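# Working through the structure, step by step
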Amino acid sequence: MPLLEFFLMAARQPVAFLPAPAPHWVGDGFYVVPLFSDLAFSEEVSPFLMLDYAAPYEFPPREKPPGVGAHPHRGFETVTIVYHGEIEHRDSAGNSGTIGPGDVQWMTAGSGLLHEEFHSRAQTKRGGLVSMAQLWVNLPAKDKMTSPRYQAILDADIPKVPLPGDAGMVRVIAGECLGSKGPAKTFSPMNVWDVRLNAGSKTGFEVTQGYTTAFLVLEGCIQLSDGQEVSEAEVAVFDPAGTRLLLEATRESKILFLNGQPLNEPIVGYGPFVMNTEQEIRQAFRDYQSGKMGKLTAIQGRSHESN
Ligand code: MN
């Protein structure tokens, strides 16, 4: 990988800029862009697997909640961050919840479950903007068959840490920032931060050498120390050898900042399952088909196409 080697020589530089690929519909509720592009499900972004981003999209009022019906997962976690609108989750492990702007749902699929993801009934009836990100976080091999877990993390539970020099504010969803710890329980070390940066501010983040570091620009524009700019719905992935990032917000900006220790384990992903070997994937399909991941009874009036 000559490009990577080149960047390894120079600390703090981005390894890759990932301009937004074309969006696609997940069910009929989420118009998402798969932002990790070709780096998804690769060691380069580990422990993260993929990042779907649904930019603000105006839904007309309707009767039937749009979304995606019952489908299985095994071997990883889905992290849903809502920016606009209200989303409902329900799974075969018995968990359910509705989350709104600023809230996060951290669902550990572990050994397997079925879940569904819809706009809430109230959101559906009134219509309006919906915007969210769904991050898939891989589980270490030893934890892939852990019991499913559901963490509802409300905006009020997320510490808001002011950045020095009135540069902005970090909402610590997972990990730690300037001594404040995020509420999310994780299986490997990582930071997931929702960051606001004031126009014209410059911010330095210290990151652990060797960790994966990437950010998504939700709103605004971020200039890096080499002058390159990352615009809305774009992701920058950084050289793991660097320890310091310098971000300049050319205007008021919001970013999703991701940083974590790579798992260094084989990644075999197929549809809704992410395991370490193909044999484990075949087993996941067998277990799903034989009902070992549970059942989710349909609620009347909802579409139930799987995705
Ligand atoms: Mn899902």
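One structure accompanies this document, and this report is about it. (Residues numbered from 1 in each chain as written. Predicted model: local features only at pLDDT ≥ 70, side-chain atom pairs only at ≥ 80, totals over all residues. Heavy atoms only, no water.)

Bringing the coordination of the manganese ion into the picture now. When a metal holds four donors in a tetrahedron, each ideal angle between them is 109.5 degrees; when it holds six in an octahedron, the ideal angles are 90 or 180 degrees. Within the first shell, the manganese ion binds the protein through H71 (NE2), H73 (NE2), H115 (NE2) and E117 (OE), at distances of 2.1 to 2.6 Å. Positions of the donor residues of the manganese ion along the chain correspond to the pattern H-x1-H-x41-H-x1-E. Placement of the pair is H71 in strand β5 (residues 67–73) and H115 in strand β10 (residues 113–119), with a sequence separation of 44 residues. Each member of the pair, H71 as well as H115, is classed as buried. (Donors = N, O, S within 2.8 Å, 3.2 Å for Na, K, Ca; no water. Helix = DSSP H or I, 4+ residues; strand = E, 2+ residues; numbered from the N terminus. Buried < 20%, exposed > 50% of the residue type's maximum accessible area, 1.4 Å probe, protein only.)

Below, the discussion takes up the packing of aromatic side chains. Within this structure, the stated rule accounts for 14 aromatic pairs. When the centroid spacing of 4.9 Å and the interplanar angle of 90° are considered together, the rings of F273 and F285 count as edge-to-face. Placement of the pair is F273 in strand β26 (residues 273–275) and F285 in helix α3 (residues 278–289), with a sequence separation of 12 residues. Overall, F273 belongs to the buried group, its relative accessible area being 0%. Taken together, the ring pairs connect W25, Y31, Y57 and F59 into an aromatic cluster. (Phe/Tyr/Trp six-rings, centres within 6.5 Å; stacked < 30°, edge-to-face > 60°.)

All right, on to the sheet that holds strand β18 (residues 202–206) then. If you walk across this open sheet you meet the four strands as β18-β23-β20-β21, and the pairing is antiparallel. With one partner strand each, in any of the chains shown, β18 and β21 (229–230) form the two edges of the open sheet. Pairing between strand β20 (residues 222–224) and strand β23 (residues 244–249): three bridges, direction antiparallel. Among the inter-strand pairings, Q223 is bridged to a residue of β23, identified as E248. (Pairing = 2+ DSSP bridges.)

Counting residues in each nonpolar core, the largest one holds 33 residues, and the members touching the most others are L51, W106, V192, V235 and L256. The contacts of V192, once residues within four sequence positions are left out, are F48, W106, L135, R171, V172, I173, A174, L256, F257 and L258. With 23 residues, the next largest nonpolar core counts V170, C177, I222 and F238 among its residues. (Core = buried A, V, L, I, M, F, W, Y, C linked by side-chain atoms within 4.5 Å. Contact = heavy atoms within 4.5 Å.)

What follows is about the sheet that holds strand β7 (residues 87–91). On the basis of which strands lie adjacent, the open sheet formed by four strands has the order β5-β10-β7-β8 and antiparallel pairing. Among the strands making up the open sheet, the edge pair consists of β5 and β8 (96–99). Adjacent strand axes in the sheet meet at a mean angle of 15°, parallel and antiparallel pairs treated alike. Taken together, the five bridges between β7 and β10 define a ladder with antiparallel strand orientation. Of the residues in β10, the one forming a bridge with R90 is E116. (Axes fitted to C-alpha atoms, helices over the stretch in contact; angles between N-to-C directions.)

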